[in-house]
Amino acid sequence: MSEKPLSANEGIKINSNYLRGTIAEGLADASNGVISADDQQLLKFHGAYQQDDRDLRSSRRKQKLEKAYSFLVRIRVPGGVVSAAQWLEVDRLATEFANGTIKLTTRQAFQFHGVIKSDLKRTIAAINHAALSTIAACGDVNRNVMCNPNPHLSSIHAEALQLAQGLSDHLTPQTRAYHEIWLDGESVLSSEPDVEPLYGKTYLPRKFKIAIAVPPSNDVDAFANDLAFIAVVEGDKLVGFNVAVGGGMGMSHGVEGSFPRLAEVIGFCPTQQVIDVAEKVVMVQRDFGDRSDRRNARLKYTIQDHGLPWFVEQLHSYLGYELESARAYQFDDNGDRYGWFEDERGNFHLNLFVQGGRVLDTPAYPLRSGLREIAKIHQGDFRLTANQNLVIANISPEQRPQIEELLKEFGISDSHRQSALRLSSLACVALPTCGLALAEAERYLPDLLTELENSIEAHGLRHDAITIRMTGCPNGCARPFLAEIGFVGRAPGRYNVYLGGGFAGQRLSKLFRESVRAEAIKPLLDPLIADYANARNLGERFGDFCIRAGYVVATQQGADFHQNVNPEALAVR
Ligand code: SRM
Ligand code: SF4
């Protein structure tokens, strides 16, 4: 373990009395719209972030007003499954307390933006009354557990989903602070001390993420997670999971020691060992993760620093048994499959494209109102996908005509009218709420896609899926380093362009051009799109083509991410 001084956040956690800090006092102070800096760190464990509207910063500065503060609230939804009643409640709260939109995140969660301090407690209480929760949606703990949400596929998916819930429950912090602060729980008496049997007083060195993937779909982007379980099916039976560790996306521009990294498969475990394996992976990271430097504290760096064999040895010693040898598996893609599906019981499921995961009403597309009307009559449930999309699930054959009628009335479900490029796109939130954004993402990608669609159409590629993702900074919230085309914000209106990610999320991309002006992106990509249309091999994916044609060199693993970059990439344009 490190001899270096602990990071400031470690002190905040130790002194927080199991995540209480002075959050309750801060909320009660009606003289301002903020909470203290230390409490802001603790608030993340409760599922909320203090933010300000960056669009308003300069005008408010000129008027000598304080920033327009509000809070982001993230609702954890293991495997992305919510009932129609819960959807209606989320929809109601979006109007009552937030900015009238619902954000479906890249980890199958909901986010509200724009909740003001005086409404924060009521918002979180109402979320809990709807049997949803925000605890551990953020913070140095295990986050929302992802899982393929499409129930139409098989009973294996139902088992995987159940496991996602089990993992989530097992790894949820035990502190009663959450209940006390948000749900008016009784204060804990000294005779009843809080215990965090797994995490202890200092929780984890950094955030921790788990996904369960059910091949051949890698829609959850298993390799971007600290820990991933990849289902192994033999005959019709789920026999267990391959275990992969050490994935993550975030890096800093120009810092070679920071890089995205793919999780690596280290073995196989039967289904009944999954929770134990997850717990022990968390414990190794708890005990050996870097607590002095938060930029080096994710599991990917623990593994990079100590080596994978060391990690596996530690894990086996914590487990008291060894993982079995990894089994064969095959991922075909990391996108969603759109449209109507019928399952083996005769129920229907509709996977809808939601641009940027933002559910809102515009005059041209009243998506939120339409979904509300559907939720009012829907007897099945809703499922959030890791690609920021939505499945209206478990529609009975009798109800399908009614739901189709509503879809028609509100003009929803036009995925067949979108290009495959758009359907394969992801954008993180970025401006105006994200305090870390260097450039636009969610608000800009739709327009860029419209421009690129001209080239795509001209070359007959309308139905060819190419994964394309944009983030406003290199933290990687829309997993841009796993896309065939990735745009990563560098400065206002400027992006680093990455190419060559694997279509199934199995290979990282490589820097193609640095700091490209937004208006220069289309001219930059036009010739590549033309070349791909003309020179690709049968069935060859865009990312694979970019490597074969020599536009970029394949990245082997995280540490190689910054290597072999074509010097031309570094010329600012
Ligand atoms: Fe993220 C921080 C939004 C998925 C890597 N992320 C943030 C914050 C909270 C900004 C902040 O710290 O102040 C963003 C809030 C923006 C806003 O206004 O809403 C934010 N992240 C998001 C979401 C909402 C993006 C989206 O458009 O869907 C996703 C919420 C997921 C969820 O429901 O839990 C989101 N973030 C991800 C992912 C994707 C994933 O997990 O599959 C990643 C890359 C994987 C990884 O963790 O490596 C990701 N977010 C980060 C990082 C870099 C972490 C790192 O260790 O490298 C940060 C910054 C940090 O933690 O310091 C960050
Ligand atoms: Fe914010 Fe950067 Fe994440 Fe986008 S990638 S939401 S800009 S932290």
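Description of the structure in this document. (Residues numbered from 1 in each chain as written. Chains lettered and ligands numbered in written order. Predicted model: local features only at pLDDT ≥ 70, side-chain atom pairs only at ≥ 80, totals over all residues. Heavy atoms only, no water.)

Re the overall build of the chain
Each helix and strand counted, the chain has 17 helices and 20 strands in total. In terms of overall dimensions, the chain is globule-like: its C-alpha atoms have a radius of gyration of 23 Å, near the 25 Å expected for 573 residues. In terms of overall dimensions, the chain has a C-alpha envelope of 75 × 60 × 55 Å along the principal axes. Across the 573 residues of the chain, 61% fall into the buried class. Considering only intrachain contacts with a sequence separation of at least 6, the fraction spanning at least 24 residues in the chain is 68%. A total of about 22200 Å² of accessible surface is found on the chain, and carbon and sulfur atoms cover 51% of it. Seen as two clouds, the 61 positive and the 69 negative side-chain charges of the chain have centres 5 Å apart. (Helix = DSSP H or I, 4+ residues; strand = E, 2+ residues; numbered from the N terminus. Rg over C-alpha atoms; globule rule 2.2 N^0.38 Å. Buried < 20%, exposed > 50% of the residue type's maximum accessible area, 1.4 Å probe, protein only. Contact = heavy atoms within 4.5 Å. Areas by Shrake-Rupley, 256 points an atom, 1.4 Å probe, with all protein chains shown as cover. Lys, Arg positive; Asp, Glu negative; His and termini not counted. Charge placed at Lys NZ, Arg CZ, Asp CG, Glu CD.)

A few points about empty space enclosed by the protein
In total, this model carries 4 cavities of 30 Å³ or more according to the counting rule given. Size it by volume and the largest cavity reaches roughly 50 Å³. Taken together, N148, N150, L153, S217, D219, G335, D336 and R337 form the lining of the largest cavity. A per-class count over the lining of the largest cavity returns 1 nonpolar, 4 polar and 3 charged. (1 Å grid on protein atoms, 1.4 Å probe; cavity = no way out; pocket = protein on both sides within 12 Å on 5 of 7 lines; lining within 4 Å. Points joined across faces, edges and corners; volume = space filled by probe spheres on them. Nonpolar A, V, L, I, M, F, W, Y, C, P; charged D, E, K, R; others polar.)

Some thoughts on the pattern of salt bridges
Evaluated as defined, the whole model comprises 43 salt bridges. D221 serves as the salt-bridge partner of R469, at 2.8 Å between the closest nitrogen and oxygen. Residue R469 is found in strand β17 (residues 468-471), and its partner D221 is found in the loop between β7 (210-213) and β8 (227-234); the two are separated by 248 residues along the sequence. Assigned by exposure class, R469 and D221 land together as buried. With a closest N to O distance of 3.0 Å, D381 and R383 form a salt bridge. When sorted by exposure, D381 lands in the same class as R383, which is buried. (Salt bridge = Lys/Arg side-chain N within 4 Å of Asp/Glu carboxyl O.)

Section: the coordination of the iron atom of ligand 1
Of the protein atoms, C477 (SG) alone serves as a donor to the iron atom of ligand 1, at 2.3 Å. Its location among the elements puts C477 in the loop between β17 and β18 (485-491). (Donors = N, O, S within 2.8 Å, 3.2 Å for Na, K, Ca; no water.)

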